[in-house]
Amino acid sequence: IYISHALGDVLRLCDEVVVLRDGEVVAKGAANDFDLNRLVTLMVGRELKQLFPKRRNGPDENGQPVLELCHVTQPHVVRDISFTLRRGEVLGISGLMGAGRSELARIIFGLDPFSSGEILLDGKPLERNRTRQRIQGGMAFLTESRRDDGLCLEASVAENLALVTLPNHTRSPLCLIDFGCLRKAIAQMRDAVRLQSRLSNEQPARTLSGGNQQKLVFAKWLLAFPRLLILDEPTRGIDIGARSEIYQLIFDRAGGGLGVLIISSEIEELIGLCDRILVLNRGLITAELPRERFDREPILHAALPDEVRA
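Sequence order as written defines residue numbering, which begins from 1 separately in each chain. Selection of residues for local features in this predicted model requires a pLDDT of at least 70, selection of side-chain atom pairs for listing and counting requires 80 or more, and totals for whole chains, interfaces and linings are taken over all residues. Excluding hydrogens and water, the side-chain figures rest on all heavy atoms present in the structure.

Caption draft 1: Here's a closer look at the side chain of Asn160. Tracing the chain through its elements places Asn160 in helix α6 (residues 157-161). Note on contacts: a residue pair is in contact if any heavy atoms of the two residues lie within 4.5 Å. Those residues in contact with Asn160 that lie beyond four places of it in its chain are Leu151, Cys152, Ala155, Ala205, Leu216 and Lys220. Strands are runs of DSSP state E lasting at least two residues, helices are runs of H or I lasting at least four, and both sets are numbered from the N terminus onward.

This is how it looks when you write it as structure tokens:
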């Protein structure tokens, strides 16, 4: 039995296919009876004409910088990292496993240290290892693993949604929670991320599908109205319908002026979403490609170790 969202692999490897949607069998038969378009339609429940939605407006080249890294270095992790991310821009980071992509995100968010260099948020230098300062400054971080450190799996949907912004929904000197205000904010954010309406606010997060769990993590951070989104593998382990919806969320937020930094193992995802792509190789930026130069070959070439390229 082979279970996967990699639909091409399913068609290549399997003799028969069973398609599930919302816990029910919606189709089954010989693999030769299916193609990619039919599988996608069955999984999503509607025809999905394109995976990457059209972006209404691109970044403002003269937009204000929201994130700046100046010669950031941590021995054996990253070396001399410098780049600028502007408001409304979607910046991608590519690289092989072990290149330092997730480690760089953790450094930016203040979870891991760096030995030299400077990180600025809206032009203001950030102190090292001060995650709270970054959150208060408008930085949000969707980690690589939603189950390990993105959600409290045994807590409810509502409790997870309120994790970041609970202090914003208190009143009086005693900081009592204003549950009416909180419920209204949760309802608005559920609609914004298209969280399934049949899901109860009291339902444990562990019972949600991978796509709905990832939307829940998005909603938790978007409720804080951030100015910078750091997304580490934002669509890992979710179905193609949820992917398309998350891509739309990314474009909507970038169109509203947020800076978005995306780390992904999937080159096609970065090509479909980003305005620029930085390639990380053993902790060093080895290439910077604008959209007009996007192509798999130069991205892969820059990601490979020197001895392999030789």
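Caption draft 2: Highlighting the layout of surface pockets. A cavity here means a set of points on a 1 Å grid, drawn over the protein atoms and nothing else, where a 1.4 Å probe fits but cannot get out; a pocket is an open set with protein on both sides within 12 Å along at least five of seven lines, and a residue lines either one if it has an atom within 4 Å of a point. Grid points are joined across faces, edges and corners, and a volume is the space filled by probe spheres set on the points. Taken as a whole, the largest pocket encloses approximately 1100 Å³ of empty space. If you go around the largest pocket, you meet 37 residues; those closest to its centre are His5, Leu20, Arg21, Met43 and Asp239. At the level of secondary structure, the elements contributing two or more residues to the lining of the largest pocket comprise α1 (7-13), β1 (16-21), α2 (36-44), α8 (210-222) and α9 (240-255). Of the residues forming the lining of the largest pocket, the biggest block, six residues, is contributed by β1.

Caption draft 3: Spatial organisation of the sheet that holds strand β13 (residues 276-281). For two strands to count as paired, DSSP must find a minimum of two bridges between them. Taking strand neighbours across the sheet as the criterion, the six strands line up as β8-β11-β12-β5-β13-β14 in an open arrangement whose pairing is mixed. Each edge of the sheet is formed by a strand with only one pairing partner; in this case those strands are β8 (139-142) and β14 (284-290). The average undirected angle you get between the axes of adjacent strands in this sheet is 15 degrees. Relative to β14, β13 runs antiparallel, the two being bridged by six bridges. Along β14, the bridge assignment pairs Ile277 with Leu289. All axes here are fitted lines through C-alpha atoms, helices being fitted over the stretch that makes contact, and every angle between N-to-C directions spans 0 to 180 degrees.

Caption draft 4: Structural detail: the nonpolar core. Note on terminology: a nonpolar core comprises buried Ala, Val, Leu, Ile, Met, Phe, Trp, Tyr and Cys residues joined through side-chain atoms within 4.5 Å. Using a 1.4 Å probe on the protein chains alone, a residue whose accessible area is under 20% of its type maximum counts as buried, one over 50% counts as exposed, and one in between counts as partly exposed. Membership of the largest hydrophobic core comes to 78 residues, with the highest contact counts inside it found for Leu67, Leu69, Phe83, Leu104, Ile108 and Met139. With seven residues, the single largest contributor to this core is α9. Apart from residues lying up to four places away in sequence, Phe83 is in contact with Leu67, Glu68, Leu69, Leu91, Leu104, Ile108, Leu278 and Ile285. Ala27, Val40, Leu42 and Val44 belong to the second-largest nonpolar core, a separate cluster that totals 14 residues.

Caption draft 5: Seen up close, the packing of aromatic side chains. Two rings from Phe, Tyr or Trp (for Trp, the six-membered ring) form a pair when their centres are within 6.5 Å of each other. A pair whose planes differ by under 30 degrees is stacked, one over 60 is edge-to-face, and the rest are tilted. Under the definition given, this model contains three aromatic pairs. Plain terms: the ring middles of Phe52 and Tyr247 are 4.8 Å apart, the flat faces sit at 15 degrees to each other, and that makes the pair stacked. You can see Phe52 sitting in the loop between α2 and β3 (65-74) and its partner Tyr247 sitting in helix α9, a full 195 residues away along the chain. For Tyr247, a relative accessible area of 0% puts it in the buried group.

Caption draft 6: Region of the structure containing the pattern of salt bridges. Within this document, salt bridges are pairs made up of a side-chain nitrogen of Lys or Arg and a carboxyl oxygen of Asp or Glu, the two lying within 4 Å of each other. Enumeration over the complete set of coordinates arrives at 16 salt bridges. Residue Glu154 is joined to Arg206 by a salt bridge in which the shortest nitrogen-to-oxygen separation is 2.9 Å. Within this pair, whereas Glu154 is found in the loop between α5 (146-149) and α6, its partner Arg206 is found in the loop between α7 (179-192) and α8, the two being separated by 52 residues in sequence. Relative accessible area serves as the criterion here: at 60%, Glu154 is assigned to the exposed category. For the salt bridge of Lys215 with Glu245, the shortest nitrogen-to-oxygen distance reads 2.3 Å. Of this pair, Lys215 sits in helix α8 while Glu245 sits in helix α9, placing them 30 residues apart in sequence. Taken as a pair, Lys215 and Glu245 share a single burial class, namely buried. One network of salt bridges, in which partners are shared, links Arg101, Glu144, Glu233 and Arg236.

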